[in-house]
2 protein chains.
Amino acid sequence: MFEYAQPLNRLIEELKKIPSIGAKTAQRIAFYLLSIPAEETDHLSEAIREVKKTLFYCTVCNNITNVDPCRYCTDSDRNDDSLCVVEEPYNIATIERTGAFHGRFHVLLGTLAPLKGMGPEDLKLEKLTARLGNGRVKEIIIATNPTAEGEATAHFIVKVLKDYDIKLTRLAMGLPVGSDIDFADQVTIKKALEGRTELKE
Amino acid sequence: MFEYAQPLNRLIEELKKIPSIGAKTAQRIAFYLLSIPAEETDHLSEAIREVKKTLFYCTVCNNITNVDPCRYCTDSDRNDDSLCVVEEPYNIATIERTGAFHGRFHVLLGTLAPLKGMGPEDLKLEKLTARLGNGRVKEIIIATNPTAEGEATAHFIVKVLKDYDIKLTRLAMGLPVGSDIDFADQVTIKKALEGRTELKE
């Protein structure tokens, strides 16, 4: 079995713990870090230390923030009528870049995923329901991922919120804009058919 | 333009400097590092510091090592007849895993890449030619990548070493084992045709 010098092996193992970094990528990153001046790796370590020290989860919406509540929760230019529920803090950026949503956010910090040990109680929906008491929220847009886990989570939220007088909506699923129908998978085409919209003159 | 809290932006920028980490991956890694205990990110920073402190390039072959010369250069079970020239230290692992090579290595630490500012003088082939003076090396296997840059580098090495009485060979190019000919690109099929081998009974 091929083995690198011990400190290099250890770094590769540490890097492999990061999701989306596999064995090959970890190896390339480790060799890259080796090849640059120590000063530059110090910048990286310092940047990691800094985010750990200064950032935390917003107590209202679970977004990552350096002020509490976060700027989305306090921004007076945003309306309180609609609440967009996303899985992770970085999903807020994805929605924001569209410029098409002007309400507030709520971050679940996960999805229902029994196989990963994430059950209904781990979703901590009390934090979401606590925001609905004042009656200001008229619509909740559930923007969890179009995956099995995201779908299950969306249905679970609908079940939990069924007694509230709030419109619950879900992001549309269908063909990606600019794509080719021949390359779409069957489930996507089925969703596109089910969600077909009427064309008017 | 969407912007994260400043320390998070800075970390994402630091991560994006690493080759093979794009904007999306940098973002995911940053949020992951935020979500784990500070103790675990300290392990990562410590592992980076440790490799920078204890590892360096072998003065003979440019491999990454913690002893100089490295263990490939001093291993008496390896033969001096053949020298395998690779682009990067991690390519040694790739060759070693095959178990099919028992000679020594030489790492170029790059390829000819004029667009990236890597010219012939940056390849530092003097370090390679310095190893050939004693006449022990009978064959040099050029194992640079099967890319335009790897090919150009291989041809450049052949030009530089033309006056040495040493056999120069190149890893074969052709269809990957277990693949489907229908999925191979034209250049690969052309190489497979050119390098066709005779079948004998």
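Rules and cut-offs
Residues numbered from 1 in each chain as written. Chains lettered and ligands numbered in written order. Predicted model: local features only at pLDDT ≥ 70, side-chain atom pairs only at ≥ 80, totals over all residues. Heavy atoms only, no water. Pairing = 2+ DSSP bridges. Helix = DSSP H or I, 4+ residues; strand = E, 2+ residues; numbered from the N terminus. Axes fitted to C-alpha atoms, helices over the stretch in contact; angles between N-to-C directions. Contact = heavy atoms within 4.5 Å. Buried < 20%, exposed > 50% of the residue type's maximum accessible area, 1.4 Å probe, protein only. Polar contact = N/O pair within 3.5 Å; in protein donor to acceptor, adjacent residues only side chain to side chain. Buried area = accessible area lost by both parts, 1.4 Å probe. Salt bridge = Lys/Arg side-chain N within 4 Å of Asp/Glu carboxyl O. Core = buried A, V, L, I, M, F, W, Y, C linked by side-chain atoms within 4.5 Å. Disulfide = S-S within 2.5 Å. Parallel < 35°, antiparallel > 145°, perpendicular 65-115°, else oblique. Left-handed = near helix turned anticlockwise from the far one by under 90°. Nonpolar A, V, L, I, M, F, W, Y, C, P; charged D, E, K, R; others polar. Right-handed = clockwise from strand over helix to strand, strands pointing away.

**Some thoughts on the sheet that holds strand 4 (residues 104-107) of chain A**
All names here are of chain A.
Next up, step 1: Strands sit in the order 4-3-5-6 across an open sheet of four strands; the sheet is parallel. The open sheet terminates on both sides in strands that have one partner only, identified here as strand 4 and strand 6 (167-170). Strand-to-strand twist of the sheet, defined as the mean angle between neighbouring strand axes without regard to direction, takes the value 25 degrees.
Next up, step 2: Relative to strand 6, strand 5 (residues 139-142) is paired through four bridges, and the arrangement is parallel. Counted as the bridge partner of I140 is L168 from strand 6.
Next up, step 3: Each of strand 3 (82-86) and strand 4 touches helix 5 (residues 89-98); the most contacted strand, strand 4, lies at about 150 degrees to it.
Next up, step 4: Strand contacts of helix 7 (residues 148-160): strand 3, strand 5 and strand 6, with the helix running at about 175 degrees to strand 6, the strand carrying the most contacts.

**Some remarks on the side chain of T41(A)**
Next up, step 1: You can see T41(A) is positioned in helix 3 (residues 38-54).
Next up, step 2: Overall, T41(A) belongs to the buried group, its relative accessible area being 2%.
Next up, step 3: Polar side-chain contacts of T41(A) include one of 2.9 Å to the backbone oxygen of A38(A).
Next up, step 4: For T41(A), the contacting residues outside a window of four places in its chain are L33(A), I36(A), I48(B) and K52(B).

**So, the interface of chain A and chain B**
Next up, step 1: Taken together, the contacts link 51 residues of chain A with 51 residues of chain B.
Next up, step 2: Each partner contributes to the roughly 4,800 Å² buried at the junction of chain A and chain B, and carbon and sulfur atoms together form 68% of this total.
Next up, step 3: Applying the counting criterion to the chain A and chain B interface returns zero salt bridges.
Next up, step 4: The interface formed by chain A and chain B contains eight residue pairs in polar contact (both at pLDDT 80 or more).
Next up, step 5: Contributions of two or more residues to the side of chain A that touches chain B are made by helix 1 (6-16), helix 2 (23-35), helix 3, helix 4 (71-74) and helix 5 of chain A.
Next up, step 6: Broken down by element, the side of chain A that touches chain B gets its largest block of residues, 13 residues, from helix 3 of chain A.

**Some thoughts on the nonpolar core**
Nonpolar side chains tend to gather and get buried jointly when the protein is soluble and globular.
Next up, step 1: Formed by 48 residues in total, the largest nonpolar core has its most connected members in L8(A), L11(A), L33(A), L8(B), L11(B) and L33(B).
Next up, step 2: Those elements that place two or more of their residues in this core are helix 1, helix 2, helix 3 and helix 5 of chain A together with helix 1 (6-16), helix 2 (23-35), helix 3 (38-54) and helix 5 (89-98) of chain B.
Next up, step 3: With near-sequence residues (within four places) excluded, L8(B) lies in contact with V51(A), L55(A), I64(A), A30(B), F31(B) and L34(B).

**Side note on the state of the cysteines**
Defined simply, a disulfide is a covalent bond joining two cysteines at their sulfur atoms.
Residues and elements named next belong to chain B.
Next up, step 1: Under the defined criterion, the tally for this structure stands at zero disulfides over all chains.
Next up, step 2: Unpaired in this structure, C61 has its nearest cysteine sulfur neighbour in C73, at a distance of 3.6 Å.
Next up, step 3: Note on C61: relative accessible area 0%, which makes it buried.

**A closer look at the packing of helix 1 of chain A against helix 3 of chain B**
Next up, step 1: Where helix 1 of chain A contacts helix 3 of chain B, the axes come no closer than 9 Å and their chain directions differ by 150 degrees. In terms of their interaxial angle, helix 1 of chain A and helix 3 of chain B are classed as roughly antiparallel. By crossing handedness, the relation of helix 1 of chain A to helix 3 of chain B is classed as left-handed. On helix 3 of chain B, the residues touching P7(A), L8(A), R10(A), L11(A), E14(A) and L15(A) of helix 1 of chain A are E40(B), H43(B), L44(B), E46(B), A47(B), I48(B), E50(B), V51(B) and T54(B).
Next up, step 2: Of the residues contributing to the contact of helix 1 of chain A with helix 3 of chain B, the split by class is eight nonpolar, two polar and five charged.

**Looking at the pattern of salt bridges**
Residues and elements named next belong to chain A.
Next up, step 1: Counted according to the given criterion, the structure contains 22 salt bridges over all chains.
Next up, step 2: For the salt bridge of E151 with K191, the shortest nitrogen-to-oxygen distance reads 3.5 Å. Residue E151 is located in helix 7, and its partner K191 is located in helix 8 (residues 186-194); the two are separated by 40 residues in the primary sequence.
Next up, step 3: Via salt bridges that share partners, D80, R104 and R136 belong to a single interconnected network.

**Details of the sheet that holds strand 3 (residues 82-86) of chain B**
Residue and element names in this part refer to chain B.
Next up, step 1: Spatially, 4-3-5-6 is the arrangement adopted by the four strands of the open sheet, whose pairing is parallel. Only two strands of the sheet have a single partner each, and these edge strands are strand 4 (104-107) and strand 6 (167-170). Strand after strand, the sheet turns through a mean of 25 degrees between neighbouring axes, direction not considered.
Next up, step 2: Bridge count for strand 3 against strand 4 is four bridges, and the pairing is parallel.

**Some points on the pairing of strand 5 of chain A**
All names here are of chain A.
Next up, step 1: Of the pairings in the sheet, the one linking strand 3 to strand 5 comprises four bridges and is parallel in character. Bridge pairing in strand 5 places L83 opposite I140.
Next up, step 2: Each parallel crossover has a hand, and the one from strand 5 via helix 7 to strand 6 is right-handed.

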